Amino acid sequence: MDTQRDKADALIIGFGKGGKTLAPFLASQGLKVTLVEKSPTMYGGTCINVGCIPTKALAHEAHFISLNEEHTLDEKKSKYAKAIKEKDALVSLLRTKNFNNVNEQPGVTVITGTASFLSPNEV
Ligand SMILES: Cc1cc2nc3c(=O)[nH]c(=O)nc-3n(C[C@H](O)[C@H](O)[C@H](O)COP(=O)(O)OP(=O)(O)OC[C@H]3O[C@@H](n4cnc5c(N)ncnc54)[C@H](O)[C@@H]3O)c2cc1C
């Protein structure tokens with residue numbers, strides 16, 4: 001793809017906390033920025049997709065489920081499935097918001113693919 005051969009003033013590998021903060025900042029300074037993320041399920045990075053947010057959402061639900069000693073195993077299974085579904089919906093919402101926030105920033109191009117160095121100045 002031609003866009004993947006474009007020159008950028010700054011190329012950021014990874015759409016995590018670091019990348020999503022740095023890309024709009026550098027673009028606001030007038031730089032042409034390319035942000036590369038290897039997985040479409042990881043826009044926003046570890047924190048929102050598999051780290052901070054989903055683990056806390058599940059821990060919160062688990063706490064409430066464990067408070068009620070009267071749940072049968074089947075009820076617990078069903079609550080677990082519901083908690084996973086709600087966690088997935090939350091993560092999906094945040095991922096989309098994160099992607100749009102960066103992708104709609106003038107001066108930033110998001111590319112989905114695994115970045116690797118071909119030479120010191122070429123990725
Ligand atoms: C279970 C868990 C719970 C956590 N809880 C908290 C918390 O409560 N509070 C807190 O502050 N921090 C928490 N963290 C830490 C937090 O997630 C990290 O500090 C943060 O994600 C680091 O951001 P980053 O941008 O450096 O990396 P990441 O968010 O990991 O982003 C890196 C991105 O780069 C992409 N990538 C990697 N290699 C390539 C490549 N070659 N080409 C293209 N893309 C690539 C990855 O897919 C990923 O999306 C938690 C982490 C975990 C695992």
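Note that the structure is predicted; figures quoted are calculated from it, not measured.

## With respect to the state of the cysteines
And step 1. As enumerated under the stated definition, the model contains one disulfide in all.
And step 2. The residue that forms a disulfide with Cys47 is Cys52, at a sulfur-sulfur distance of 2.1 Å. Between Cys47 and Cys52, the disulfide has an S-S torsion of -130° and is therefore left-handed.
And step 3. Given the relative accessible area of 15%, Cys47 is considered buried.

## A word on a nonpolar patch on the surface
And step 1. On the surface, Leu11, Ile13, Phe117 and Val123 cluster together into a nonpolar patch covering about 360 Å² of accessible area.
And step 2. In this structure, Val123 sits in the segment after β3 (108-112).

## A word on helix α4 (residues 73-103)
And step 1. Under the 1.5 Å per step criterion, the end-to-end length of α4 is 44 Å for 31 residues, consistent within 8% with the ideal 45 Å.
And step 2. Considered for burial, the residues of α4 that qualify are Ala83, Lys87, Val91, Arg95, Asn98 and Val102.
And step 3. Of the surrounding elements, those touching the buried residues of α4 are α1 (17-28), β2 (33-37), α2 (45-49), α3 (52-67) and β3.

## Observations regarding the side chain of Thr34
And step 1. Position of Thr34 among the secondary structure elements: in strand β2.
And step 2. Among the residues examined, Thr34 registers a relative accessible area of 10% and is labelled buried.
And step 3. Not counting the four nearest positions on each side in its chain, Thr34 is found in contact with Ala8, Ala10, Leu11, Ile12, Thr109 and Ile111.

## Some details on the pattern of salt bridges
And step 1. A full pass over the atoms with the stated rule returns two salt bridges.
And step 2. In this structure, the salt-bridge partner of Lys82 is Glu86, at a minimum N-O distance of 3.0 Å. You can see Lys82 and its partner Glu86 sitting in helix α4, four residues apart, about one turn around the helix.
And step 3. By relative accessible area, which is 37% here, Glu86 ends up partly exposed.

Cut-offs applied
- Residues numbered from 1 in each chain as written.
- Predicted model: local features only at pLDDT ≥ 70, side-chain atom pairs only at ≥ 80, totals over all residues.
- Heavy atoms only, no water.
- Disulfide = S-S within 2.5 Å.
- Buried < 20%, exposed > 50% of the residue type's maximum accessible area, 1.4 Å probe, protein only.
- Patch = residues over 30% accessible without salt bridge, like charges linked within 9 Å, V, L, I, M, F, W, Y side chains within 5 Å.
- Areas by Shrake-Rupley, 256 points an atom, 1.4 Å probe, with all protein chains shown as cover.
- Salt bridge = Lys/Arg side-chain N within 4 Å of Asp/Glu carboxyl O.
- Helix = DSSP H or I, 4+ residues; strand = E, 2+ residues; numbered from the N terminus.
- Expected span 1.5 Å × (residues − 1).
- Contact = heavy atoms within 4.5 Å.

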